[in-house]
Amino acid sequence: MELQKFYYDNKIVKMFAYATLFWGIVGMLVGVLVAIQLVYPSFNFNFAFTTFGRVRPVHTNAIIFAFVGNGIFTGYYYSIQRLLKTSMASKWMTYTHFWGWQSIIVLAAVTLLAGYTTGKEYAELEWPIDILIAIIWVIFGWNMMWTMLKRRVKHIYVAIWFYIATFVTVAVLHIGNSIEIPWSFLKSYPVYAGVQDALVQWWYGHNAVAFFLTTPYLGLMYYFMPKAANRPVYSYKLSIVHFWALIFLYIWAGPHHLLYQSVPNWAQSLGTVFSIMLIAPSWGGMINGLLTLRGAWDKVREDPVLKFFVVAVTAYGMSTFEGPMLSLKNINAISHFTNWTVGHVHIGALGWNGFLTFGMVYWLFPRMFSTKLYSVKLANLHFWMGTLAMLFYSIPLYWAGWTEASMFKQFNDAGELVYPNFLQVVEQIMPMYMMRIFGGTLYFLGAILMVYNIAKTVKAGSFVAMEAAEAPALVKEGSMKEGEGFHRFLERKPIRFMILAIIAILIGGLVEVVPTYLIKSNIPTISSVKPYTPLELQGRDIYIKEGCYNCHSQMIRPFRSETERYGEYSKAGEYVYDHPFQWGSKRTGPDLWREGVKTSRNYKPDAWHYNHFMDPQKMNATSIMPKYSWLADYEIDINSTPAKIRVMQTLGVPYPEGYDKIANDDLKAQAEKIAAGLKEQGINVESNKQVIALIAYIQRLGTDITNSTETADNK
Amino acid sequence: MSNTDENKLPHGEPEIDELTNDRYLGGHEYDGIRELDNKLPAWWLYLFYITIIFALVYLVGYHLAEWWPLQDDEYNNELAAAAVVEKKAPVEAFDFESMAPMVAEADLAAGKETYDKICVTCHGKAGEGLVGPNFTDMYWIHGDSTNNKISIKEMYNVVINGVIEKGMISYKDQLSPVQIQQVLSFIITLQGTNPPNAKAPQGRKYDTFG
Ligand code: HEM
Ligand code: HEM
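Residues numbered from 1 in each chain as written. Chains lettered and ligands numbered in written order. Predicted model: local features only at pLDDT ≥ 70, side-chain atom pairs only at ≥ 80, totals over all residues. Heavy atoms only, no water.

Caption draft 1: Examining the overall build of chain B more closely. The helix and strand inventory of chain B stands at five helices and six strands. The linear arrangement of helices and strands in chain B, starting from the amino end, is β-β-α-α-α-β-β-α-α-β-β. Relative to the compact-globule value of 17 Å for 210 residues, chain B shows a C-alpha radius of gyration of 37 Å, a clear excess of over 25%. With the principal axes as the frame, chain B shows a C-alpha extent of 115 × 45 × 35 Å. For chain B, the residues scored as buried account for 40% of the 210 residues in total. Considering only contacts in chain B between residues 6 or more positions apart, those separated by 24 or more positions represent 58%. Where the 16 positive side-chain charges of chain B centre and where its 31 negative ones centre are 12 Å apart. (Helix = DSSP H or I, 4+ residues; strand = E, 2+ residues; numbered from the N terminus. Rg over C-alpha atoms; globule rule 2.2 N^0.38 Å. Buried < 20%, exposed > 50% of the residue type's maximum accessible area, 1.4 Å probe, protein only. Contact = heavy atoms within 4.5 Å. Lys, Arg positive; Asp, Glu negative; His and termini not counted. Charge placed at Lys NZ, Arg CZ, Asp CG, Glu CD.)

Dropping the structure here:
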C-alpha cells in the first residue's frame, strides 16, 4: 500500500507544555499564599483583591483549569496525532484553542481578583467568560472529532475514548451549570435557587473532578505509561469495562457533597451508592496502569518518569477509595466542612494530577528537543521532594480534620458543648496549618526545580517543530463484520462512540437533574420565608463578591452538635430565594445561617459586626479572618438595584410589580436606620456604605422561620 | 505495521509476551502501544459485584423497607438520647433572693471560664468594654437609680433578660443560674483593674456593690 507523508505538530505541544509549567508555578504559589493566610491573617494585606476569599478561587481555578487544563492539552495534542497517525484536522482551530484557553485564564484571574464571581465553587467565572469557555471548548472538540475522521489508524485507542468522554461531558456540565441571567456586563444571577442550585452545582462540581481531573488524565496515563515503560497495556477487556462503568456511574454521584443537608433523601442516597459503586471502575484504571509495569519494575527504580507515574497512579487509587468512603453518611458527618476534605482533594491533586503531569513533562521535553534530560538526578530530587511534600501536606490536614470534628461534636455530662467557641478549635489546628505551609512550599520548590531542569534541557536540544511520519491511508470499512465484536466495531466509528458516551452520561444526569426542575413541589414551602429586601440583596452580593462562602457555610446539619452550636437546623424551604445558594463546603469559620436570629447564641449586635468587619483581631485576637475595612469606604452600587430586582422577578422571586422603581427608597430607609443605630453606639458611618448592606444581610440570615419568637422577644 | 488484520494472529498462533507469558491481542497496536488479552481480575470483578449489592441493599434498606432512620428521625433519636442524659444531671441549688457575690476560688475560676467563652466578644478580654460597656469602672447602666449600691441581682436580671435593642441577648437558655452568679462574681473582681483601651464610662456612678 502506498505510504502517505504527514507531520506531527510539536509546536502546539510545546506551547501547551510551557503554559502548563507557567500556570503550575503560579497556581502553586497562590496555593502557598492562601495556606499562609490561614495562619497569618496579615498576609491578606488589607486590600480587597488580596484577601483569602478572592485569592482562594484564583488558586483553585489556576490549578484546575490552567495547570491541569494545559497539562491535559499538552499530552492530548502529543498523543492524539500519533495515535491516529495524522496531523490535527484544523490548524486554526488548534491554535485558537491555545490562545482562547490562555485568554480565558487571564480573564479569570483578573475578574476573580476584582470580585466578579458567581459564588459557585469551580464555576466562579461570570457569564461572558462562560460563553467564551463554551466556544473554545467546542472548537477543541470539533477539531478532535474531525481529526478522528481523517485518521490513518482503523481503531481508536482507549486514551481517545477518555478524551471523547471528557469533551462531551464537560460541555454538558458547563452549559448546564452556567445558565444564568445577566444584570450587568459582568454579573448575573443563576436561574437555579437554593436546593435546586445546590444539586445542579454539585452535579457539576463533582463531575468537574471526574471529567476534568480524572478522565482526561486516565487518557494521558493510557498513552504515556506504556510508552515510558515500553510495555503493553495489561488488559484491553478491563479498559472497556472500566471505561463505560466509570463514565456511566460518575455522573450520579454529585449529591455526596450534600449529605445531611437540606436536599431530598433519595438524592443523597443516590450520591452515596453510586460513589461506592465507583470504587471498582476507578481501580480498573489503577490496575491497568500499575500492571502495565509488570516486567519493567527494574526500570522504575532508575527512571524518574516512571517513578512519578507509579506514585500518581497510586495516589489515584487512594483518593478513589477515600472518596467513596467520604460518601458514606457516617463518615461524611465527620469529614464534611473540615480539613479532611481538603486533604482528600490534595492527595488527588498533588499526587494524581501533579505527578502525572510532572512525569509527562520529563518524558516529553527530551523527545521533542531530541536530546537527553539535563539532569536525572534533579528529577529524582524533585520526585522525593514532591513525595515528602504530599505527606507534609496531607497528614496534618487529616489530623486537623479529625481534631475539628471531635472538638465540634464533644458534649460534657451536663449536655453542653465542651468547645462552644469556634476559635478554640481554630487555635488547636494552627500547628497543622503551619505544617501544610511547609508541605506546600516543598511541593512548590520541587516544581521550580523541574522548570530549571526543563529550561536546561531545552537549551541543550534542538526543537523539532514538525515531525515527519508516514503511514498508508485508511481503508474505510462499513458495517460490523463477522466475529468482530460490537466494541471493536464501535472503536472504528468515533461518532457513534461519542453518541453512546453522551447517552451514558445523560442518563444519570437526567435522573438527578430533572426532578430538581420539579423540585418546587419537593420543597415544603414556608410561608414566613420572604424575599430579601433591596439592601439585603445588595449585601448578599457583597458577601458573594468578597467570597465569604470560601470560609463560612450557611447550612446547619441536623446534628445535636450543630443545632446546639448554631441553632435550628436548615430547612429546604428557607433557601427558595437564594440565587445562588451559599451553603459552602468548608468551615474555616463558623456557620452563619442563624447569625441574625436574636435568640441564638451567636447573635451579635450591628456594632459588633461593624467593628468585626473593620478589624476581626480586635474582637478576637486569635481570629484568622481578614480585615474588610474598605467596606466602610466603598459605596453601595444603588444604580444596580432596579436591574437586580427585575432579574429576580424574572426568576420568580415575588417582588411586587413595579418594585424595581421604588426599591431604592426602601434600601435607603433601611440603611439609614442601621446607620442611626450604629451612631448611638458611637460609630460614625454613612448609610450609603457597603458595610451597612452587609450588616443588613447578615442580620437577616436564618431569621424568616423564627420571626414569631423574635417578636415575642422584642417586647 | 499497525494494520495487521484483527482476528488473525501471526501464523494463526497467539503471540506471547516473554516477560509475563500473557497473550497479545493481534491488531491492537497504537503508536507502538500494544494490548494484552488478559481477563478481568476476579477479585476486581467481585469487588464490583459487592459494591452493587451494597448499593441495592442500601437503597432498599433506607427507602423501601425503612430499616434505618433517615436524617430527620436520626436527629430526633439523637435529641431523645441526649435528653435522657441531661435529666440525670443534678439540679444545682439556687435562690435568687439571697444571691450574693461568690468569693470561692473555684467559683471565680468557673466564672472566668464562662466569661472567656461568651462575654469576652463584646466586653473585652479584660472587661475593658468593646461593643458592650466597661466592667472595670463603677459606672453601670442597669442599676437602681434611687440607691448608690449596685446589686448582683440587678446584674443578674440583665443577663437573664438581655438588652436586645443594644445587641445583648438573653442567656437564660445557655447558662444555669449558678453559672450566671459565678460569672457575675468574676466580673465584680475586675473592678478597678484599669486595663488598657478602657471604654469611656456609661450609665451612672455607684459607690459599692451590695
Ligand atoms: C503548592 C501546592 C499547593 C498548596 C500549598 C495548596 C494550598 C491550598 C489551600 C491553602 C487551599 C484552601 C483550603 C481551605 O480553604 O481550607 C487549597 C484548596 C484547593 N486546592 Fe490547593 N494547594 C496546592 C496545590 C494544588 C494542586 C496541584 C491542586 C489541583 C490539581 C489543588 C487544588 C485545590 C482545590 C480543588 C482546592 C479546594 C478544596 C476544597 O474546596 O475543599 N491545589 N489549596
Ligand atoms: C471515586 C472517586 C471519588 C469519590 C467518590 C469522591 C468523593 C468525594 C467526596 C464524598 C467529597 C467530599 C464532599 C464533602 O463532604 O463536601 C469529595 C471532595 C472532593 N474531591 Fe473527591 N472523590 C473521588 C475522587 C477524587 C479525585 C480523584 C479527585 C482529584 C483528582 C477528587 C477531588 C475532590 C475535590 C476537589 C473535592 C472538594 C470539593 C469541594 O468541597 O470543594 N476526588 N470527593
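Caption draft 2: Here's a closer look at the coordination of the iron atom of ligand 1. Residue and element names in this part refer to chain A. Donor atoms from the polypeptide that coordinate the iron atom of ligand 1 comprise His59 (NE2) and His346 (NE2), at 2.0 Å from the metal. Given six donor atoms and angles of 87 to 179 degrees at the metal, the environment of the iron atom of ligand 1 is assigned as octahedral. Highlighted residues: His59 in helix α2 (residues 52-84) and His346 in helix α13 (residues 339-368), separated in sequence by 287 residues. Owing to a relative accessible area of 12%, His346 belongs among the buried residues under this scheme. (Donors = N, O, S within 2.8 Å, 3.2 Å for Na, K, Ca; no water. Tetrahedral: all angles 85-135°; square planar, octahedral: opposite > 155°, others 65-115°.)

Caption draft 3: Molecular detail of the confidence of the model for chain B. Residues and elements named next belong to chain B. On average, residues of chain B score 85 in pLDDT, and 91% of them are at 70 or above. Confidence, expressed as mean pLDDT per element, reaches its minimum in chain B at strand β6 (residues 208-209) with 82 and its maximum at helix α1 (residues 42-64) with 97. Within the model, the stretch residues 1-8 combines pLDDT values under 50 with 16 contacts to residues more than four positions away or in other chains. Scored as a complex, the prediction yields pTM 0.92 and ipTM 0.92. (pLDDT = per-residue confidence, 0-100.)

Caption draft 4: Expanded view of the site of ligand 1. All names here are of chain A. Taken together, 26 residues form the shell around ligand 1, and within it Arg56, His59, Ile63, His346 and Lys586 come nearest. In this structure, an oxygen atom belonging to ligand 1 sits 3.1 Å away from a side-chain N or O atom of Tyr122. Those elements that provide at least two residues to the shell around ligand 1 are α1 (11-37), α2, α13 and α15 (422-460). Looking at the shell around ligand 1 residue by residue, the classes come out as 15 nonpolar, seven polar and four charged. (Near = heavy atom within 4 Å. Polar contact = N/O pair within 3.5 Å; in protein donor to acceptor, adjacent residues only side chain to side chain. Nonpolar A, V, L, I, M, F, W, Y, C, P; charged D, E, K, R; others polar.)

Caption draft 5: Molecular detail of empty space enclosed by the protein. Residue and element names in this part refer to chain A. Scanning the entire structure with this criterion turns up eleven cavities of 30 Å³ or more. For the second largest cavity, the calculated volume is near 130 Å³. Phe408, Lys409, Arg557, Glu562 and Arg587 are, among the 14 residues lining the second largest cavity, the residues nearest its centre. Every element with two or more residues in the lining of the second largest cavity is listed here: α12 (329-335), α14 (376-409) and α19 (560-566). With four residues, the single largest contributor to the lining of the second largest cavity is α19. Broken down by class, the residue content of the lining of the second largest cavity amounts to six nonpolar, three polar and five charged. In this structure, the lining of the second largest cavity is formed jointly by two domains, domain 1 (3-471 + 494-512) and domain 2 (534-707), each of which donates at least three residues. (1 Å grid on protein atoms, 1.4 Å probe; cavity = no way out; pocket = protein on both sides within 12 Å on 5 of 7 lines; lining within 4 Å. Points joined across faces, edges and corners; volume = space filled by probe spheres on them. Domains from an automatic or database assignment.)

Caption draft 6: Looking closely at the site of ligand 2. Residues and elements named next belong to chain A. Lining the immediate environment of ligand 2, one finds 26 residues, of which Glu121, Tyr122, Asn332, His336 and His344 sit closest. The side chain of Tyr122 places a nitrogen or oxygen atom 2.6 Å from an oxygen atom of ligand 2. At 2.9 Å from an oxygen atom of ligand 2 is found a side-chain nitrogen or oxygen belonging to Asn332. Among the secondary structure elements, those contributing two or more residues to the shell around ligand 2 are α6 (194-229), α11 (304-326) and α13. Per-element accounting of the shell around ligand 2 gives the leading share, six residues, to α13. Of the residues that constitute the shell around ligand 2, the class distribution is ten nonpolar, 15 polar and one charged.

Caption draft 7: Just the domain arrangement of chain A, in detail. Residues and elements named next belong to chain A. Examined at the domain level, chain A breaks down into domain 1 (3-471 + 494-512) and domain 2 (534-707). Contact with domain 1, which involves 65 residues of that partner, is made by 56 residues of domain 2. Among the residues of domain 1 in contact with domain 2, Tyr189, Phe337 and Phe422 are the three that bury the most area, contributing 17% of the side total. One can count one salt bridge joining domain 1 with domain 2. (Buried area = accessible area lost by both parts, 1.4 Å probe. Salt bridge = Lys/Arg side-chain N within 4 Å of Asp/Glu carboxyl O.)

Caption draft 8: Inspection of the packing of aromatic side chains at higher detail. What the rule picks out here adds up to 81 aromatic pairs over all chains. The cationic tip of Arg204 of chain B hangs over the ring face of Tyr206 of chain B; the distance from NZ or CZ to the ring centre is 4.6 Å. (Phe/Tyr/Trp six-rings, centres within 6.5 Å; stacked < 30°, edge-to-face > 60°. Lys NZ or Arg CZ within 6 Å of the ring centre and 35° of its normal.)

Caption draft 9: Quick peek at helix α18 (residues 534-545) of chain A. Residues and elements named next belong to chain A. Helix length check: α18, at twelve residues, gives a terminal C-alpha distance of 16 Å against a target of 16 Å (1.5 Å per residue), a fit within 8%. α18 sits mainly inside the fold: eleven of its twelve residues count as buried. Considered for burial, the residues of α18 that qualify are Pro534, Leu535, Glu536, Leu537, Gln538, Gly539, Arg540, Asp541, Ile542, Tyr543 and Ile544. On its buried face, α18 is in contact with β3 (188-190), α22 (641-650), α23 (659-680) and α24 (690-700). Backbone geometry just downstream of α18 places Gly547 in the positive-phi region, at approximately 70 degrees. (Expected span 1.5 Å × (residues − 1).)

Caption draft 10: Local environment of the packing of α1 of chain A against α15 of chain A. All names here are of chain A. Their axes nearest at 9 Å, the elements α1 and α15 cross at an angle of 160 degrees. Between α1 and α15, the angle is such that the two are roughly antiparallel. Between α1 and α15 lies a crossing whose hand is left-handed. Here α1 contributes Tyr18, Leu21, Ile25, Met28, Leu29, Val32, Ala35 and Ile36 to the contact with α15, which in turn contributes Arg436, Ile437, Gly440, Thr441, Tyr443, Phe444, Ala447, Ile448, Met450, Val451, Ile454 and Val458. A class-by-class count of the residues in the contact of α1 with α15 yields 17 nonpolar, two polar and one charged. (Axes fitted to C-alpha atoms, helices over the stretch in contact; angles between N-to-C directions. Parallel < 35°, antiparallel > 145°, perpendicular 65-115°, else oblique. Left-handed = near helix turned anticlockwise from the far one by under 90°.)

Caption draft 11: Region of interest: the side chain of Thr20 of chain B. Within the element layout of this structure, Thr20 of chain B appears in the segment before β1 (24-30). Of the residues examined, Thr20 of chain B reaches a relative accessible area of 18% and is grouped as buried. Within the structure, Thr20 of chain B has its side chain in polar contact with the side chain of Asp17 of chain B (distance 2.5 Å). Apart from residues lying up to four places away in sequence, Thr20 of chain B is in contact with Arg231 and Arg294 of chain A.

Caption draft 12: Main features of the pattern of salt bridges. Inspection of every chain in the model, using the stated rule, returns 31 salt bridges over all chains. Residue Lys481 of chain A is joined to Glu477 of chain A by a salt bridge in which the shortest nitrogen-to-oxygen separation is 2.9 Å. Judged by relative accessible area, which is 26%, Glu477 of chain A ranks as partly exposed. Between Lys112 of chain B and Asp116 of chain B there is a salt bridge whose closest N-O contact spans 2.9 Å. Within this pair, Lys112 of chain B and its partner Asp116 of chain B are both found in helix α3 (residues 105-123), separated by four residues, close to a single helical turn. Put simply, Arg557, Glu562, Arg587 and Asp591 of chain A are held in one network by salt bridges that share partners.

Caption draft 13: Structural detail: the confidence of the model for chain A. Per-residue confidence for chain A gives a mean pLDDT of 93, with 98% of residues at or over 70. For chain A, per-element mean pLDDT is lowest for helix α25 (residues 707-714) of chain A, which scores 41, and highest for α1 of chain A, which scores 98.

Caption draft 14: Main features of the interface of chain A and chain B. In this complex, chain A contributes 78 residues to the contact, which on the side of chain B involves 61 residues. For the pair chain A and chain B, the summed buried area comes to about 6,100 Å², and 60% of that belongs to carbon and sulfur atoms. Where chain A packs against chain B, one counts four salt bridges. The partner of Lys227 of chain A in a salt bridge is Asp31 of chain B, and the shortest N-O contact between them spans 3.2 Å. Applying the counting criterion to the chain A and chain B interface returns 21 residue pairs in polar contact (both at pLDDT 80 or more). When the residues that make up the side of chain A that touches chain B are grouped by side-chain class, the tally is 37 nonpolar, 21 polar and 20 charged.

Caption draft 15: View of the environment of Met93 of chain A. Residue and element names in this part refer to chain A. Of note, Met93 is situated in helix α3 (residues 91-114). Separated by 49 residues in sequence, Met93 and Trp142 place their C-alpha atoms 8.5 Å apart. In this structure Met93 touches Ile139, Trp142, Asn143 and Trp146, once residues within four positions along its chain are discounted.

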